Amino acid sequence: MFRESLFAIAAILLIAPPAALAESTKPNDAQIAHIAYTAGALDIAAGKQAIAKSTDPKVKSFAEEMVRDHQAVNDKALALVKKLNVTPEDNPTSQSLTKAADTKRAELDKLSGAAFDRAYIDNEVAYHKTVNSALKDTLIPDAQNGELKALLEQGLTLFTAHQMHAEEIAKSVAQ
Amino acid sequence: MVSSRNFLLAVPLLAGLCVPAEAARYIVTIQGMAFGKAPPLLRVGDTIVWRNKDILRHSATARSGAFDVDLAPGKEGEATMKQAGPVDVFCRYHPTMEVKLMVAGTKGRTE
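Values in this document were obtained by computation on a predicted structure and should not be read as measured data. (Residues numbered from 1 in each chain as written. Chains lettered and ligands numbered in written order. Predicted model: local features only at pLDDT ≥ 70, side-chain atom pairs only at ≥ 80, totals over all residues. Heavy atoms only, no water.)

A. Quick look at the overall build of chain A. Looking only at helices and strands, chain A has six helices and zero strands in total. Ordered by position in the sequence, the α and β elements of chain A form the string α-α-α-α-α-α. Taking all contacts inside chain A whose residues are at least 6 apart in sequence as the whole, residues at least 24 apart take part in 82%. Working note: accessible area of chain A is about 8500 Å², and carbon and sulfur atoms make up 58% of it. (Helix = DSSP H or I, 4+ residues; strand = E, 2+ residues; numbered from the N terminus. Contact = heavy atoms within 4.5 Å. Areas by Shrake-Rupley, 256 points an atom, 1.4 Å probe, with all protein chains shown as cover.)

B. Structural detail: the interface of chain A and chain B. Between chain A and chain B, the residue contacts involve 13 residues of the former and eight residues of the latter. A combined buried area of about 1000 Å² lies between chain A and chain B, and 71% of that area is made up of carbon and sulfur atoms. The interface formed by chain A and chain B contains zero salt bridges. Taken together, chain A and chain B are joined by one residue pair in polar contact (both at pLDDT 80 or more). (Buried area = accessible area lost by both parts, 1.4 Å probe. Salt bridge = Lys/Arg side-chain N within 4 Å of Asp/Glu carboxyl O. Polar contact = N/O pair within 3.5 Å; in protein donor to acceptor, adjacent residues only side chain to side chain.)

C. Looking closely at empty space enclosed by the protein. Residue and element names in this part refer to chain A. Scanning all chains against the criterion turns up four cavities of 30 Å³ or more. If you go around the largest cavity, you meet 21 residues; those closest to its centre are Ala36, Tyr37, Val73, Ala77 and Leu152. When contributions to the lining of the largest cavity are tallied by element, the ones reaching two or more residues are α2 (29-53), α3 (57-84), α5 (113-142) and α6 (146-172). At seven residues, α3 tops the list of elements feeding residues into the lining of the largest cavity. Here the residues of the lining of the largest cavity sort into 17 nonpolar, four polar and no charged. Of the voids in this model, the second largest cavity is the one considered here, and its volume is about 100 Å³. Taken together, 12 residues make up the lining of the second largest cavity; nearest its centre are Leu42, Ala46, Ala101, Lys104 and Asn123. (1 Å grid on protein atoms, 1.4 Å probe; cavity = no way out; pocket = protein on both sides within 12 Å on 5 of 7 lines; lining within 4 Å. Points joined across faces, edges and corners; volume = space filled by probe spheres on them. Nonpolar A, V, L, I, M, F, W, Y, C, P; charged D, E, K, R; others polar.)

D. Layout of the packing of aromatic side chains. Considering all chains together, one arrives at four aromatic pairs over all chains under this definition. A centroid spacing of 6.3 Å and a plane angle of 65 degrees characterise the contact between Phe62 of chain A and Tyr120 of chain A, whose relative ring orientation is edge-to-face. Here Phe62 of chain A is found in helix α3, whereas its partner Tyr120 of chain A is found in helix α5, with 58 residues between them in sequence. Accessibility classification places Phe62 of chain A together with Tyr120 of chain A in one group, the buried group. On the basis of an interplanar angle of 75 degrees and a centroid distance of 5.7 Å, the ring pair of Phe35 of chain B and Trp50 of chain B is categorised as edge-to-face. With a gap of 15 residues between them, Phe35 of chain B in strand β2 (residues 34-35) and Trp50 of chain B in strand β3 (residues 47-52) connect regions that are remote in the sequence. Here the two residues Phe35 of chain B and Trp50 of chain B agree in accessibility, since each one is buried. Through a chain of ring-to-ring contacts, three or more aromatic side chains come together here, namely Phe62, Phe116 and Tyr120 of chain A. Across from the ring centre of Phe90 of chain B, 4.1 Å away, lies the NZ or CZ of Arg63 of chain B, which sits over that ring. If you follow Arg92 of chain B out to its NZ or CZ, it ends over the ring of Tyr93 of chain B, 5.2 Å from the centre. (Phe/Tyr/Trp six-rings, centres within 6.5 Å; stacked < 30°, edge-to-face > 60°. Buried < 20%, exposed > 50% of the residue type's maximum accessible area, 1.4 Å probe, protein only. Lys NZ or Arg CZ within 6 Å of the ring centre and 35° of its normal.)

Written out as structure tokens, the structure is:
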């Protein structure tokens, strides 16, 4: 319940950013790049925690996939912003995503065994759903640069496959 | 009378007349976290060239263990179909990525 409201906050911030972005309610490319990179980095951090703590081989393997894949996409994102001479810009959306993820990670840190696996995989499903919606509804449509848009679209394809995989594992992880 | 040299030349010629149609090579592209379509007329002896056009590392792994082709982004690898029957292929790194191959026997080859 608490988890859902945290992600709801993140989702709302993505749709209706606060007054800090007074000129436009849409994030600019520098902010979009920052949000996308942050979303990946947070999933990598969550994955590393799961690799260390999980006792379920399917969950561990999934966590390794998250670390590997998000690192690959983030490397591409870094190369692209360098090429485009764009400096990713911190913003309230990235901050709220980070805060929610940090809180979740601290929560998961207290768990172990099947309880950890359950909580981790459930959060991965929720997290990917949130980020996929943000990509579809805001980040991709609002991206101005074509190459950035294309990379975000590749990210969405990847995140969607990740979500499917997480959902499949969630069915088999012990209650 | 057939000299030994003529005989040696004749053997490959005769073999050429009897040999079935050449084994085919099919390209299956991996892109956007998905395998391309399975080649519809796949036969024993045919080779599939798996081409990874995605930004991530994938694999083309037969669940039976018949082949396991690792594919870094931009790379390609081959697998030759050695047995007739269905072949379930998946990606070791992304197990929800799947494609089903159907390999026909060689009997149909010699037309």
